[in-house]
Amino acid sequence: MDLYEYQGKELFKRVGIPVSDGRRADTPQEARAAAQELGGAVVVKAQVLTGGRGKAGGVKLAEGVDDVEQKAKDILGLDINGHIVRRLWIERASDIAKEYYLSITFDRGEKKPLFMFTTQGGVEIEQVAEENPDALIRLHADPLEGYQPWIARRLVYGAQVEDPSEQKQIAAIVEKLYRAFVEFDAMLCEINPLIVTPEGEVKALDAKFTVDDSALFRHPDIAEWRDTTAADPLEAFAREKGVTYVKLDGDVGICGNGAGLAMSTVDVVAHVGGKPANFCDLGGGGSAEGVVDALEVITRDPQVKSIFLNIFGGITRCDEVARGILEALERLDMSTYPIVVRLDGTNAQDGRKILADAGKPNIYPEATMLDGAKKAVELAR
Ligand code: GDP
Ligand code: MN
C-alpha cells in the first residue's frame, strides 16, 4: 500500500525524523485556514500517489491566506500522471541550501534491505544512477544484524558530506529511517529531497512510503489510511468482496482458480487474438459463493462482452463451481453474457452434468483451455 506524502511524514514524525509542520486540506477554504494557523510562507502540495508533482505544477510556494487559497484552487483538480488531485498538504515553507536523497528498499536478489544515499537529490534517482553512478552510494544491511552505526558512516563519507553537523544529523536520520522501515513493515522508504537549510538543519521535505500489504494486519491504524476513492472503483469493489482482481482493458472477462491458472488464461486469450478484460483469481477454495462474487465483479465492467471461466479442480471441486455459476445466473442479471466454461479435475463430470441439466442457453461448455479461449474470443466479437 502506497502512502500519501503527509501519511509518510506522520510515520517519519513517529520515529523522530525532522519534518515541517503542516496541515491537511481538501478545499481552498481549508487551505486558507491551514495557512492562517501555520502563519508565514507555506508550500501547497498536491497529495497524489505518484511522483513528479513538482514538475507537474502540484507543488507551489505561497505567502498570505489569499495567495494560498488561490494556489490551492489551481492545484485541486489537476491531473498528475492520471491522478486527479483531491487532497492537499499545506506545510511551512523551508529555505533550501542543498537537496540530498536517502532511501531504503528491498533488494530481492540479495534478500536484504538496500540503503541508497546521494548528495545529488531533488531530481529523479534513476537519472543520478545513469548519469553519475559514482555519486550514488548503495549499501546492504544484514536483516539479522539490523542497523549498525557503520552503515550511516559509509553512506555519509561515501557521498562526501563534509560538514560534521550534517554528518551527525544524517546519520541519526538513517538510523531512524531504518527503524521506520522495520517497524512499519515497509517495502520502500524514500526521502527526496532530504534538505539542508541555510542554517544547517537537515530534514525530510518529501516522503514516499510503501507498506507491505501482507503486513497491514499488524498496522490497523495504517490500513485505515487507505484511500478507496483513489483506487479503481472496480478494484475497490473487488477488494470489498474479497476477490483478487486486476482490471485490464479488453472485452473477455476471465476467471480462473489460482493465480497461475488465471494468468495463463489471460495469456492464452491474448494468444488466440483476444483482449482480456481482467485478471481474476477465485483462489484455491472455489466455493459457490466465491464464484458468484467473482462473476459480480467481472460483470460490473461495462467493457466485458464474454466471460471465460477456466477451472482446474484440485482442492476446488468442479460441482461446487457449477453450482456457483447457476447461483450467479439466478442472482445477477447475466443473460446478455455468453459464459464459456471449462471444467477439469476434481468432480469435473459432476460439474459438467449440473450445467448440462440446467440447460442455460448462454453457457458454452468447452473441454480444453485453448478451445475455451477461442470460443470466448469469438463470442466477444
Ligand atoms: P515531487 O516532485 O513529487 O517529488 O515533490 P517534492 O515534495 O519532492 O517537491 C518537489 C520540489 O519542490 C522539491 O524538490 C523542492 O525543490 C520544492 N519544494 C518543496 N517544498 C519546498 C519548500 O518548503 N521550500 C522550497 N523552497 N521548495 C520546496
Ligand atoms: Mn520528491
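For the structure, see preceding data.
Fair warning: this is a prediction, and the values are worked out from it, not measured in the lab.

1. Re the coordination of the manganese ion (ligand 2)
Then comes step 1: Here the manganese ion (ligand 2) is held by Asn192 (O) and Asp206 (OD), and the distances to it run 2.2 Å. Taken as a pair, Asn192 in strand S11 (residues 186-196) and Asp206 in the loop between strand S12 (202-204) and strand S13 (208-211) lie far apart in primary sequence, 14 residues in all. The same class applies to Asn192 and to Asp206, which are both buried.

2. Overview of the site of ligand 1
Then comes step 1: Lys45, Arg53, Gly54, Ser94 and Glu99 are the nearest of the 16 residues found near ligand 1.
Then comes step 2: The backbone of Gly54 places a nitrogen or oxygen atom 2.8 Å from an oxygen atom of ligand 1.
Then comes step 3: With respect to ligand 1, the backbone of Ser94 contributes an N or O atom lying 2.8 Å from a nitrogen atom.
Then comes step 4: When the free accessible area of ligand 1 is taken as 570 Å², the share hidden by the protein chains comes to 79%.

3. Looking at the pattern of salt bridges
Then comes step 1: Applying the stated criterion across every chain, the model contains 31 salt bridges.
Then comes step 2: Note that Arg323 and Asp319 form a salt bridge whose closest N and O atoms lie 2.8 Å from each other. Remark: Asp319 and Arg323 occur in helix H11 (residues 318-331); sequence separation between them is 4 residues, near one turn of the helix.
Then comes step 3: Asp319 sits in the buried class, given a relative accessible area of 7%.
Then comes step 4: One salt bridge connects Glu327 with Arg331, and the closest N-O pair in it is separated by 3.0 Å. Taken together, the residues span about one helical turn, with Glu327 and Arg331 both in helix H11 at a distance of 4 residues.
Then comes step 5: Take Glu327: its relative accessible area is 34%, and that puts it in the partly exposed class.
Then comes step 6: One continuous salt-bridge network, built from bridges that share partners, spans Glu5, Lys9, Lys45, Arg53, Glu91 and Asp206.

4. Concerning the nonpolar core
Then comes step 1: Phe115 and Phe209 are the most contacted members of the largest nonpolar core, which has 42 residues in total.
Then comes step 2: When residues in this core are grouped by element, the largest group, 7 residues, is from helix H6 (residues 164-183).

5. Comments concerning helix H13 (residues 369-380)
For an α-helix the count is 3.6 residues per turn, leaving residues at separations of three or four pointing the same way.
Then comes step 1: In this model H13 runs 16 Å from its N-terminal to its C-terminal C-alpha over 12 residues, within 8% of the 16 Å that 1.5 Å per residue would give.
Then comes step 2: For H13, the full list of buried residues reads Met369, Gly372, Ala373, Ala376, Val377 and Ala380. Seen from one end, H13 has its buried residues packed into an arc of 130°, which puts them on one side.
Then comes step 3: Buried residues along H13 sit in contact with strand S15 (252-256), helix H9 (259-271), strand S17 (306-313), strand S18 (339-345) and strand S19 (363-366).

6. Remarks on the packing of aromatic side chains
Then comes step 1: In total, this model carries 9 aromatic pairs according to the counting rule given.
Then comes step 2: Judged by centre distance (6.0 Å) and plane angle (85°), the ring pair of Tyr100 and Phe117 falls under edge-to-face. Taken together, the residues Tyr100 in strand S8 (residues 98-107) and Phe117 in strand S9 (residues 112-118) connect sequence positions 17 residues apart. Taken individually, Tyr100 and Phe117 each receive the classification buried, so the pair is uniform in this respect.

7. Focus on the pairing of S18
Then comes step 1: Taken across its 7 residues, S18 has 5 buried, putting it largely inside the fold.
Then comes step 2: Pairing between S17 and S18: 7 bridges, direction parallel. For Ile311, the partnering residue across the bridge sits in S18 and is Leu343.
Then comes step 3: For the crossover that starts at S17, traverses H11 and ends in the parallel S18, the hand is right-handed.
Then comes step 4: Examined bridge by bridge, S18 and S19 share 4 bridges and lie parallel to one another. Looking at S19, one finds that Val340 is bridged to Tyr364.
Then comes step 5: Once the chain exits S18 it traverses helix H12 (residues 348-358) before rejoining the sheet at S19, and the crossover so formed is right-handed.

8. Focus on unusual backbone geometry
Outside of glycine, negative phi angles account for most residues, and trans bonds account for most peptide bonds.
Then comes step 1: Following Asn192, the chain continues to Pro193 via a peptide bond in cis, the omega torsion being 10°.
Then comes step 2: Here Pro193 lies in strand S11.
Then comes step 3: Here Lys111, not a glycine, exhibits a phi torsion of approximately 55°, which is positive.
Then comes step 4: In this structure, Lys111 sits in the loop between S8 and S9.
Then comes step 5: At Gln160, a position not held by glycine, the phi torsion is positive, near 60°.
Then comes step 6: Relative to the helices and strands, Gln160 resides in the loop between helix H5 (149-158) and H6.

Procedures and definitions
Residues numbered from 1 in each chain as written. Chains lettered and ligands numbered in written order. Predicted model: local features only at pLDDT ≥ 70, side-chain atom pairs only at ≥ 80, totals over all residues. Heavy atoms only, no water. Donors = N, O, S within 2.8 Å, 3.2 Å for Na, K, Ca; no water. Helix = DSSP H or I, 4+ residues; strand = E, 2+ residues; numbered from the N terminus. Buried < 20%, exposed > 50% of the residue type's maximum accessible area, 1.4 Å probe, protein only. Near = heavy atom within 4 Å. Polar contact = N/O pair within 3.5 Å; in protein donor to acceptor, adjacent residues only side chain to side chain. Areas by Shrake-Rupley, 256 points an atom, 1.4 Å probe, with all protein chains shown as cover. Salt bridge = Lys/Arg side-chain N within 4 Å of Asp/Glu carboxyl O. Core = buried A, V, L, I, M, F, W, Y, C linked by side-chain atoms within 4.5 Å. Expected span 1.5 Å × (residues − 1). Arc of directions from axis to C-beta. Contact = heavy atoms within 4.5 Å. Phe/Tyr/Trp six-rings, centres within 6.5 Å; stacked < 30°, edge-to-face > 60°. Pairing = 2+ DSSP bridges. Right-handed = clockwise from strand over helix to strand, strands pointing away.

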